[in-house]
Amino acid sequence: MIDVKVGPELAVRTKDHLVGGEAARQVEKYFVAVVDAVEIDPAWASQPDDIRAWQWWSLHEMQETAQTIYPLGLAKLIIDYLRSGPPTTPIELAG
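Analysis parameters
- Residues numbered from 1 in each chain as written.
- Predicted model: local features only at pLDDT ≥ 70, side-chain atom pairs only at ≥ 80, totals over all residues.
- Heavy atoms only, no water.
- Helix = DSSP H or I, 4+ residues; strand = E, 2+ residues; numbered from the N terminus.
- Contact = heavy atoms within 4.5 Å.
- Areas by Shrake-Rupley, 256 points an atom, 1.4 Å probe, with all protein chains shown as cover.
- Lys, Arg positive; Asp, Glu negative; His and termini not counted.
- Charge placed at Lys NZ, Arg CZ, Asp CG, Glu CD.
- Core = buried A, V, L, I, M, F, W, Y, C linked by side-chain atoms within 4.5 Å.
- Buried < 20%, exposed > 50% of the residue type's maximum accessible area, 1.4 Å probe, protein only.
- Patch = residues over 30% accessible without salt bridge, like charges linked within 9 Å, V, L, I, M, F, W, Y side chains within 5 Å.
- Salt bridge = Lys/Arg side-chain N within 4 Å of Asp/Glu carboxyl O.

Trainee: Can you lay out the overall build of the protein for me, pointing to particular residues and giving the numbers?
Mentor: Helix and strand counts for the protein stand at two helices and three strands. What you see in the protein, going N to C, is helices and strands ordered as β-β-α-α-β. By principal-axis analysis of the C-alpha atoms, the protein measures approximately 40 × 30 × 30 Å. Taking all contacts inside the protein whose residues are at least 6 apart in sequence as the whole, residues at least 24 apart take part in 46%. Surface summary for the protein: the accessible area is close to 7,700 Å², and the carbon and sulfur share equals 54%. Each charge sign in the protein was given a centre, from 8 positive and 14 negative side chains, and these centres are 7 Å apart.

Laid out in structure tokens, this is it:
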């Protein structure tokens, strides 16, 4: 386990969907955290959700890819943070 200093909350995303046939509300909160890439291993995920592959993306790659990256608008969120700092209140992201 690595020690990560968590920074400001940038955004939140809420999604209603079915889990095992039951209605569920999923709330995701997005925070700033700085870590070395070598310290991250997807095998440590507590909820791997059948992850088949993972990769590091540059901001340019995130903006140019035809693949869908969730949450939608993640690259813009990061760019806005780097340019202007954190928002005064977390931004609501689309589901």
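Resuming the write-up.
Trainee: Could you give me a rundown of the nonpolar core, with the residues and numbers involved?
Mentor: Membership of the largest hydrophobic core is limited to six residues, which are Leu 10, Ala 11, Tyr 30, Val 32, Leu 77 and Leu 93. Elements with a contribution of two residues or more to this core: strand S1 (6-19) and strand S2 (22-33). Sequence-distant contacts of Val 32, that is, excluding residues within four places in its chain, are made with Lys 5, Val 6, Gly 7, Pro 8, Leu 10 and Tyr 81.

Trainee: Please give an account of unusual backbone geometry that cites residues and values.
Mentor: Residue Pro 71 is reached from Tyr 70 by a cis peptide bond, and omega for that bond is 0°. Mapping Pro 71 onto the fold places it in the loop between helix H1 (59-64) and helix H2 (74-84).

Trainee: Outline a nonpolar patch on the surface, supporting the account with residue identities and numerical values.
Mentor: A contiguous nonpolar surface patch, about 640 Å² in accessible area, is contributed by Val 4, Val 6, Phe 31, Val 35, Ile 40, Trp 54 and Trp 56. On the secondary structure map, Val 6 appears in strand S1. Assessed through its relative accessible area of 53%, Val 6 is described here as exposed.

Trainee: So, the environment of Ala 33: which residues are in play, and what are the values?
Mentor: Turning to its location among the elements, Ala 33 is positioned in strand S2. The spacing of Ala 33 and Glu 9 is 24 residues in sequence and 9.7 Å in space, taken between C-alpha atoms. Here Ala 33 is in contact with Val 4 and Lys 5, once residues within four sequence places are set aside.

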